[in-house]
Protein chains: 2
Amino acid sequence: MKPTTATSRNPARDRQASLINSAASLFAAKGFKGTTTKAIARAAGVSEALVFKYFPTKRALYTAILAEKAPLSELLNAVEAVARKRDDQLVFTLIAGYRIRPGADPTMLRLLLFSALEGHELADMFFGKQHRVFYDYLAGYIRTRIEEGAFRKIDPLLAARAFIGMVVHHRLLHEIFDVPLHCPHQDIVTTYVELFLNGLRHPSTSKNRGLSHVR
Amino acid sequence: MKPTTATSRNPARDRQASLINSAASLFAAKGFKGTTTKAIARAAGVSEALVFKYFPTKRALYTAILAEKAPLSELLNAVEAVARKRDDQLVFTLIAGYRIRPGADPTMLRLLLFSALEGHELADMFFGKQHRVFYDYLAGYIRTRIEEGAFRKIDPLLAARAFIGMVVHHRLLHEIFDVPLHCPHQDIVTTYVELFLNGLRHPSTSKNRGLSHVR
DNA sequence: CTCTCAGGTGAGTGTTTACTCACCTGACCG
DNA sequence: CGGTCAGGTGAGTAAACACTCACCTGAGAG
């Protein structure tokens, strides 16, 4: 038996990975139906027939992308570290700053949206790995902080969705709808985090319901 | 000249409208490339050839939908009325409640997302009519309330986007990603509005930075 | 040198697609 | 009664599509 399955050099796996990368950016740009197998082959620099040597169907290739591309990453670890110190400001700044950052790649967001809109069978799984973990983790953290008296009473899951909503919607506007940014990234992150944290804190005991100027 | 252009009965315009309706739900469900002209014809109950009698190309039909479907509607009027009374709670409850409501039709949201993702030329215009007006109006209202001293100092446009972001993201989760609701609509609206308004109000003068339980 | 075989391709296949065209039909008018 | 014409269609057409297949190539083993 030859060492064809060696971990260091595996040309078959390299090809497969290169096909996945080429296909991912095309699927992200034009959707599943909008991407042709010929275009994928051209982008990877191989013949169309070879694509079908590595993936039985176009759909299987798409599925392989969704199954593989789910980084979720080191961010959660970094967040957990500061969460233990109860540094609310930093917890939410980390999360927002990770998603709103200058060089953020829109590929994943587009892939996620396309897969959900086009109703791919793996869209749920993709969403789960990329986002649900954050909702659950954040909701848990918020619940803890409520019990500790740092935040006022509020549905933790809704609060988590609200925060992720602000951030993801911002990316949506910027990366999908091409809405220009009118101030630097750091200011945006700070504004969102302070707005959210201030909203979670106990309201001032003096009831200034803001009817100051009503005529 | 016959009264073919009468406003009461115009079969040509009726056909056109029926085609637009049938096509809109198909485009919303499966995207532009995922929808065939044959399917549109079948949904409208006519032959495929007739589609091309009323619209020169499939793209022209898509364009007609985006150009026509932009209701934006009476909501803005209702909001303006309560905005004059400076009823912040009601202003934001109206907006959130309009979008998060039991029978909300996901068609428009899907159409909007598909058109932006697929990069249609009219996507910007569609977005402008459906959403930008709300950002601008809300930002203006928030700016006014800041000047009146009711809200703390904050970038009005970012604040408006944050609020719309919470609400739209909620719809996204519910209507596109099929995330189930775990509490009634009214509670969700109330939670979001209170979170946002509390975040906009001046922080309590007593600086409780919430480090109560740190070890 | 020959045999083998993974890695790769050009030239198809049948089907689906957007779009066209010659033709039909029936209400209305003189 | 015949003529007209908007409204409507069945039967195409050329191109694009996902997918197949017979064949090529070159390195390594014997």
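Residues numbered from 1 in each chain as written. Chains lettered and ligands numbered in written order. Predicted model: local features only at pLDDT ≥ 70, side-chain atom pairs only at ≥ 80, totals over all residues.

Trainee: Before we move on, could you go through the overall build of chain A and cite the residues and values that matter?
Mentor: The number of helices and strands found in chain A is 10 helices and zero strands. Secondary structure elements in chain A, listed N-terminal to C-terminal, are α-α-α-α-α-α-α-α-α-α. Across the 215 residues of chain A, 33% fall into the buried class. Taking contacts inside chain A between residues at least 6 apart in sequence as the whole, the part at least 24 apart equals 62%. (Helix = DSSP H or I, 4+ residues; strand = E, 2+ residues; numbered from the N terminus. Buried ≥ 20, exposed ≤ 12 C-beta atoms within 10 Å, placed from the backbone. Contact = placed C-beta atoms within 7 Å.)

Trainee: Lay out the environment of K129(A) with the relevant residues and their values.
Mentor: Residue and element names in this part refer to chain A. Relative to the helices and strands, K129 is located in helix α8 (residues 123-147). For K129, a count of 15 C-beta atoms within 10 Å puts it in the partly exposed group. Each C-alpha atom of the pair K129 and S25 lies 19 Å from the other, and the pair is 104 residues apart in sequence.

Trainee: Help me get a handle on the protein's contact with DNA strand C, residues and values and all.
Mentor: If you check the shell around DNA strand C, you find 17 residues, and the closest are S47(A), A49(A), T36(B), A49(B) and K58(B). Of all the elements in the fold, those that place two or more residues in the surface near DNA strand C are α1 (11-30) and α3 (48-54) of chain A together with α2 (37-44) and α3 (48-54) of chain B. When residues in the surface near DNA strand C are grouped by element, the largest group, four residues, is from α3(A). (Near = placed C-beta within 6 Å.)

Trainee: Give a detailed account of the interface of chain A and chain B, specifying residues and quantitative values.
Mentor: Each partner contributes residues to the interface: chain A has 51 residues there, and chain B has 50 residues. Broken down by secondary-structure element, the contributors of at least two residues to the side of chain A that touches chain B are α7 (107-117), α9 (156-176) and α10 (185-200) of chain A. Among the elements that make up the side of chain A that touches chain B, the one with the highest residue count is α9(A) (13 residues). Residues that form the side of chain A that touches chain B fall into these classes: 25 nonpolar, 16 polar and 10 charged. (Nonpolar A, V, L, I, M, F, W, Y, C, P; charged D, E, K, R; others polar.)

Trainee: Could you give an account of the relation of the copies chain A and chain B, naming the residues involved and the relevant values?
Mentor: Superposition of chain A onto chain B requires a rotation of 180 degrees combined with a translation of 0.0 Å along the rotation axis, giving an RMSD of 0.0 Å. What the rotation and shift describe, once combined, is the action of a two-fold rotation axis. Relative to the rotation axis, the closest C-alpha in chain A is found at G199(A), a distance of 1.7 Å. (Least-squares fit on C-alpha atoms with pLDDT ≥ 70 in both.)

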